[in-house]
Each structure stands twice: as structure tokens, then as C-alpha cells.
Amino acid sequence: MADVNKVRKSEAEWAEQLTPQQYAVLRRQATERPFTGEFVGHREDGTYCCAACGQALFASGTKFDSHCGWPSFWDMIEEGTVDWRPDNSYGMRRTEVTCSRCDSHLGHVFEDGPRDQTGLRYCINSVALNFEAAANE
């Protein structure tokens, strides 16, 4: 189950905690340039977590190469870890994806993902994520 303990901070606290690029994306809904993010071609086993609050968001087993320029996943790690919100900015109709724990902007979700899975493509900014490698057993 998603962590129900909301993380609430002032914008000044977020600005102090995050890098300028992270702050722009996570708190101001900016988008990093395509094909520039650290996790676009990343293939390691593990968990992708929110860069703002650390909540686990996506498992590496759901990551796929969508050739869109941003890390793409076909499902969240657990029901309730991300929230969906309508986003009608820039004259487009999209669905914004936010972290359910701290309300940080992660990216968008589209219905053009792998049909043999959920059919969804969570298109996520690399800068919105941290990665925790799977433990070697």
C-alpha cells in the first residue's frame, strides 16, 4: 500500500532540498529535454523512487523502451503510489502523473503502452526519479 503519510513542505523548503532542475520539474511541472535524462536507457534491476520524498513508484521490470525520450513504464509499483490529474495546459488534453505522497509532478500517462501488459505508458522525467538497485542475493 502506498505511504499515506503525506509529505508537506513549503515551496522554500522544496527549493532548498531539490536541485534547480528537480524543483522546476517536480514542483513547477516543467519537462526535461527528451533523450537527456539519466534513466532513459537505464537497464539495471531495482526500484525507481520519487526524487522529492523517496516513495517507491516504478519497478524496473515494468520499464520499456518507448523511443519517446523519457523513461517509460507500463505500470506503477503498487496501486495508489501515483495519482492522475487532468492536464489541459498548452492546448493539449493529457493526464498528469504525480507522486501520491508529496504531490510532486512526475510526468504524464498515455494509453499507447504495451498492449500485452496494461496498455499504459507512464512517461516520466528522469530528474523526478532516484534509483535503488536491487540487492544482489
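Parameters and conventions
- Residues numbered from 1 in each chain as written.
- Predicted model: local features only at pLDDT ≥ 70, side-chain atom pairs only at ≥ 80, totals over all residues.
- Heavy atoms only, no water.
- Pairing = 2+ DSSP bridges.
- Helix = DSSP H or I, 4+ residues; strand = E, 2+ residues; numbered from the N terminus.
- Buried < 20%, exposed > 50% of the residue type's maximum accessible area, 1.4 Å probe, protein only.
- Contact = heavy atoms within 4.5 Å.
- Salt bridge = Lys/Arg side-chain N within 4 Å of Asp/Glu carboxyl O.

Q: Requested: an account of the pairing of strand β2 (residues 56-59), with residues and values cited.
A: The pairing of strand β1 (residues 46-50) with β2 spans three bridges and is antiparallel. What sits directly across from Cys 49, in β2, is Ala 56. Linking two consecutive strands that pair antiparallel, namely β1 and β2, is a turn of five residues; a positive phi of about 90 degrees is found at Gly 54 within it.

Q: Outline helix α2 (residues 20-28), supporting the account with residue identities and numerical values.
A: Along α2, the positions that sit buried rather than exposed are Gln 22, Tyr 23, Val 25, Leu 26 and Arg 27. Lining the buried residues of α2 we find α1 (11-17) and β7 (105-110). Positive backbone phi, at 60 degrees, marks Gln 29, one or two positions downstream of α2.

Q: Summarise the pattern of salt bridges; cite the residues concerned and give the values.
A: A side chain with one charge may pair with a side chain of the opposite charge, provided their charged atoms come close. Taken as a whole and judged by the stated rule, the model has six salt bridges. A salt bridge links Asp 103 to Lys 6; the nearest nitrogen and oxygen atoms lie 2.9 Å apart. Separated by 97 residues along the polypeptide, Asp 103 in the loop between β6 (94-99) and β7 and Lys 6 in the segment before α1 bring together distant segments of the chain. Between Glu 11 and Arg 27 there is a salt bridge, with its nearest N and O atoms 3.6 Å apart. Taken together, the positions of Glu 11 in helix α1 and Arg 27 in helix α2 put the pair 16 residues apart, joining distant regions of the chain. Take Arg 27: its relative accessible area is 14%, and that puts it in the buried class. Three or more residues joined by partner-sharing salt bridges are found here, namely Lys 6, Arg 85 and Asp 103.

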